[in-house]
Amino acid sequence: MSKANLPILPISVVGSHGRPGWLYIFREATANRELGSIDVEEVGDDAVRLAILDQEEAGIDVISDGEMRRTAGYYRGYMDRIVNLPFSKKPPLRQVGPFHYDFVRFREVVGPISAPEGLGIVDEFKYLKAHTEKPVKATCAGPLNFARECIINSTYKTAFDLAYDFAKIINAELKGLAAAGADFIQVDEPSYVHLREEPAEMAKLFNATVEGVAAKVALHICFGTHAGRPRMSRRTYRQLFPRILDAKADQFVLEFANRQMSEIELWKEFAVGRELGAGVIDVKAYEVETPEDVAERIRTALKYVPPERLWINPDCGMGNTPRWICVEKLKAMVEGTRIVRRELGYKE
Ligand SMILES: [Zn+2]
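Description of the structure in this document. What you see is a predicted model, and the numbers here were worked out from it, not measured in a lab. In every chain, residue numbers begin from 1 and rise along the written sequence. Given that this is a predicted model, residues contribute local features only at a pLDDT of at least 70 and side-chain atom pairs are listed and counted only at 80 or more, while totals for whole chains, interfaces and linings are drawn from all residues. Processing note: side-chain calculations cover all non-hydrogen atoms of the structure and skip hydrogens and water entirely.

Because water is not among the atoms used, a metal site may look incomplete, as its donors are only the N, O and S atoms within 2.8 Å, or 3.2 Å for Na, K and Ca. Listed as protein donors to the zinc ion are His-220 (NE2), Cys-222 (SG) and Cys-316 (SG); their distances from the metal cover 2.1 to 2.3 Å. Mapping the donors of the zinc ion onto the primary sequence gives the spacing H-x1-C-x93-C. Of this pair, His-220 sits in strand β5 (residues 216-221) while Cys-316 sits in the loop between β8 (310-314) and α10 (323-343); the two residues are 96 residues apart in sequence, bridging distant segments of the chain. Each member of the pair His-220 and Cys-316 is classed as buried. For helices the rule is a DSSP run of H or I covering at least 4 residues; for strands it is a run of E covering at least 2, with both sets numbered from the N terminus onward. Each residue is placed in one exposure class: buried if its accessible area under a 1.4 Å probe, protein chains only, is under 20% of its type's maximum, exposed if it is over 50%, and partly exposed if it falls in between.

Regular strands show a simple pattern: their side chains alternate between the two faces of the sheet. Counted residue by residue, β8 has five buried out of five residues, so it is predominantly covered. Covered by surrounding structure in β8 are Leu-310, Ile-312 and Pro-314 together with Trp-311 and Asn-313, the residues of both alternating faces. When DSSP finds two or more bridges between a pair of strands, those strands are recorded as paired. The pairing of strand β7 (residues 275-281) with β8 spans five bridges and is parallel. Along β8, the bridge assignment pairs Gly-279 with Asn-313. Classification remark: right-handed applies to a crossover when, strands pointing away from the viewer, the course from the first strand over the helix to the second runs clockwise. A crossover connection joins β7 to the parallel β8 through helix α9 (residues 291-302); in handedness this β-α-β unit is right-handed.

For the rest of this paragraph, the subject is the side chain of Glu-289. Note on placement: Glu-289 falls in the loop between β7 and α9. A polar contact is formed between the side chain of Glu-289 and the side chain of Arg-297, at a distance of 3.1 Å. What qualifies as a polar contact is a pair of N or O atoms within 3.5 Å, subject to a donor-acceptor requirement within protein and to the restriction that residues adjacent in sequence count only when both atoms come from side chains. In this structure the side chain of Glu-289 is engaged in a polar contact, spanning 3.0 Å, whose partner is the side chain of Lys-329. Note on definitions: a residue-residue contact is assigned when non-hydrogen atoms from the two residues lie within 4.5 Å. For Glu-289, the residues in contact, after removing those within four places along its chain, are Val-280, Ile-281, Asp-282, Val-294, Arg-297, Lys-329 and Ala-332.

So, about the environment of Ala-301. Relative to the helices and strands, Ala-301 resides in helix α9. Put simply, Ala-301 and Lys-248 are 53 residues apart on the chain and 22 Å apart in space, counted from C-alpha to C-alpha. In contact with Ala-301, not counting residues within four places along its chain, are Met-261, Ile-264 and Leu-310.

On to the sheet that holds strand β6 (residues 251-254), then. Taken together, six strands build an open sheet; the order of strands is β2-β4-β5-β6-β7-β8 and the sheet is parallel. Every other strand in the sheet has two partners, leaving β2 (138-141) and β8 as the edge strands with one partner each. Each strand of the sheet is rotated relative to its neighbour by a mean of 25 degrees, with strand direction disregarded. Each axis is a line fitted through C-alpha atoms, taken for helices only over the stretch in contact, and angles between the N-to-C directions span 0 to 180 degrees. Contacts from α10 reach β7 and β8 within the one sheet, and its direction differs from that of β8 by about 155 degrees.

Okay, here's the thing in structure tokens:
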């Protein structure tokens, strides 16, 4: 992605956008009906256009499609497109009470996995690209994220074996995205902190995922935002460093606002020569940050990251944030960034 047209401290999003109320109503109203492809496409198109408009109006520099078509969350719907991966007959751990991580129904691997028709993210991207003049970011979940929700049979020995086959599927999708004009692609791997595998192994898997992809690549690692809740109570990236830097990611997109900017010093401690997309909006908090809150967080980040390597993001996707709060938070993020840009002598 060319930096030429971007201001200093470029502002982006992590992926998902707050969904409009009518989208929930539409889903409820059609839950017992078989929808046609035009129904699905039309409602998706309308929702994406709104997400684009919200981000443009807020002043985001590099926008996404809000992941508005991903009705089952940021990756689960894509499992439907994968061969040999039906829902497990085993029910989820719990289905009664507050919605939480234990509500998820796992998939069962019944043979070698593949996605003969791809994941469909390329088509999502083409729609976004055709409907905005702004620079855009494409997003795709990473292989370990998919693999951790699968019950493995004899085809694969470990979650990592399975993840390498997911990596092949994702790699083909990312190459398709690059061919369709995506010059900035983010891979989402919250599992890197959930699973606590060897960071060097995770970096190797990431490199297989992005091998030969001709685009700027970002790696998003977070502590989870399922139903607006983090998965982890001990939220630290420290155990990933320094080996995670073996991952050939041009940018790391990490969660800081939710943790009072804790561990931002990792960027100085390990002399990271890569870009950081720093989370300066707490997507799990109801309260909307003020622009000054955001500016303060960015000033803290700038003590450890040179301005030319710092991007501004929310902590995570905002698909679990009410839309009006999402929009207010995006506006605060933009206003707060503009305060710091002025302090740096940058003229908008
Ligand atoms: Zn996230």
